[in-house]
Amino acid sequence: MTHIHPHEEIENKRKVKEQLLNQHSVAIWMSGLSGAGKSTIALELEKMCTQQGFVTQILDGDNIRTGINKNLSFSDDDRKENLRRIAEVNKLFISCGIITINSFISPTEASRKTARSVIGADNFVEVYIDAPLEVCEQRDVKGLYKKAREGKITQFTGIDSVFEKPKHADITVDTVHNTAEECARKIFDYIKLIVSVERRLC
Ligand code: ADP
């Protein structure tokens, strides 16, 4: 490490890129149980952002785990490394002026705190995608709860691995009593004040 000297100038171009894109970048971090609705809402939210002229990038658990993090397992160490890389990827997008929409279970307060501190608290909006285990299990979009109940998957969040309800979420959306579009709208209404350049220049 002593022979590595990062060029600060390379990392200091955010303002220029934000001006080009006419937006302020931020990381939207959605946590919640598998099947709570993170990916569905991410797509709805991206659609709303695009319609309003904001440039976004969705970062989603399964896509990341089949791409940049495909060499990682679900061991404690690899879960930490998974999150560290995701947070670093967020930093690159943010320095490029792009709004990220993250969709990761991120089950513990510690995991969300790490993401917040690596990405930077000023760049971080935490969203809890709230649906109780019974509903997620009933939806069982990917058939994973069934497999977890049968013991074919272990360490499955909500079954034999903990999910700590977020205590510091900026927004919570209830996906049982609201449609995906309504949930995305609530998130969009919150972040549009942060990402719009007009407001930042006031
Ligand atoms: P996650 O990414 O959290 O694992 P998914 O988005 O893959 O969850 O799956 C959520 C499932 O729940 C989808 O089949 C979706 O159609 C359904 N669903 C029902 N109501 C909602 C809602 N209000 N918000 C998001 N998804 C919902």
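Everything below is about the structure shown above.
Residues numbered from 1 in each chain as written. Predicted model: local features only at pLDDT ≥ 70, side-chain atom pairs only at ≥ 80, totals over all residues. Heavy atoms only, no water.

K.L.:
Describe the side chain of Ser25, and please don't skip the residues or the numbers.
P.N.:
Mapping Ser25 onto the fold places it in the loop between α2 (14-21) and β1 (27-31). A polar side-chain atom of Ser25 sits 2.9 Å from the main-chain carbonyl oxygen of Ile94. When residues no more than four places from it in sequence are discounted, the contact partners of Ser25 are Arg14, Glu18, Ile94, Gly97, Ile98 and Ile99. (Helix = DSSP H or I, 4+ residues; strand = E, 2+ residues; numbered from the N terminus. Polar contact = N/O pair within 3.5 Å; in protein donor to acceptor, adjacent residues only side chain to side chain. Contact = heavy atoms within 4.5 Å.)

K.L.:
Before we move on, could you go through the pairing of β1 and cite the residues and values that matter?
P.N.:
With respect to burial, β1 is a largely interior element, five of its five residues being buried. On β1, burial covers both faces: Ala27, Trp29 and Ser31 on one face and Ile28 and Met30 on the other are all buried. Looking at chain direction, β1 and strand β3 (residues 99-103) are connected through four bridges and run parallel. Among the inter-strand pairings, Met30 is bridged to a residue of β3, identified as Ser103. Relative to strand β4 (residues 124-130), β1 runs parallel, the two sharing five bridges. Following the sheet pairing, Trp29 is matched in β4 by Glu126. (Buried < 20%, exposed > 50% of the residue type's maximum accessible area, 1.4 Å probe, protein only. Pairing = 2+ DSSP bridges.)

K.L.:
Break down the sheet that holds strand β5 (residues 171-174) for me, with residues and values.
P.N.:
Within a sheet, adjacent strands bond to each other through the backbone by hydrogen bonds, running parallel or antiparallel. An order of β2-β3-β1-β4-β5 is seen for the five strands of this open sheet, with the pairing classed as parallel. In the strand order of this sheet, the two ends are held by β2 (56-60) and β5, each with one partner. When strand polarity is set aside, the average angle formed by the axes of neighbouring strands in this sheet is 20°. Taken strand by strand, helix α5 (residues 76-95) contacts β1, β2 and β3, and its axis lies near 150° from that of β1. (Axes fitted to C-alpha atoms, helices over the stretch in contact; angles between N-to-C directions.)

K.L.:
Outline the site of the ligand, listing residues and values.
P.N.:
Taken together, 16 residues lie near the ligand, and Gly35, Lys38, Ser39, Thr40 and Asn178 sit nearest. Note that an oxygen atom of the ligand is positioned 2.5 Å from one of the side-chain N or O atoms of Thr40. Arg139 places a polar side-chain atom, nitrogen or oxygen, 3.5 Å from an oxygen atom of the ligand. In terms of residue count, the dominant contributor to the shell around the ligand is helix α3 (residues 38-51) (four residues). Residues that form the shell around the ligand fall into these classes: five nonpolar, eight polar and three charged. (Near = heavy atom within 4 Å. Nonpolar A, V, L, I, M, F, W, Y, C, P; charged D, E, K, R; others polar.)

K.L.:
An account of the pattern of salt bridges is needed here, citing residue identities and associated values.
P.N.:
Within this structure, the stated rule accounts for 13 salt bridges. Of the charged contacts in the structure, one is a salt bridge between Arg14 and Glu18, with a shortest N-O distance of 3.0 Å. Within this pair, Arg14 and its partner Glu18 are both found in helix α2, separated by four residues, close to a single helical turn. You'll find Arg14 and Glu18 in the same group, each marked buried. Glu126 is the partner of Arg116 in a salt bridge, and the nearest nitrogen-oxygen pair spans 3.0 Å. A residue pair is termed long-range when its members are at least 10 positions apart, and Arg116 in helix α6 (residues 109-119) and Glu126 in strand β4 qualify at ten residues. The class for Arg116 is partly exposed, based on a relative accessible area of 22%. Residue Glu126 is classed as buried on the basis of its relative accessible area of 2%. Bridged by salt links that share partners, the residues Glu109, Arg112, Arg116 and Glu126 form one connected network. (Salt bridge = Lys/Arg side-chain N within 4 Å of Asp/Glu carboxyl O.)

K.L.:
Could you give an account of the side chain of Asn123, with specific residues and numbers?
P.N.:
Along the chain, Asn123 falls in the loop between α6 and β4. Beyond its immediate sequence surroundings of up to four residues, Asn123 is in contact with Arg14, Val26, Ala27 and Ile94.

Function cannot be inferred from these measures alone, as they are strictly geometric.
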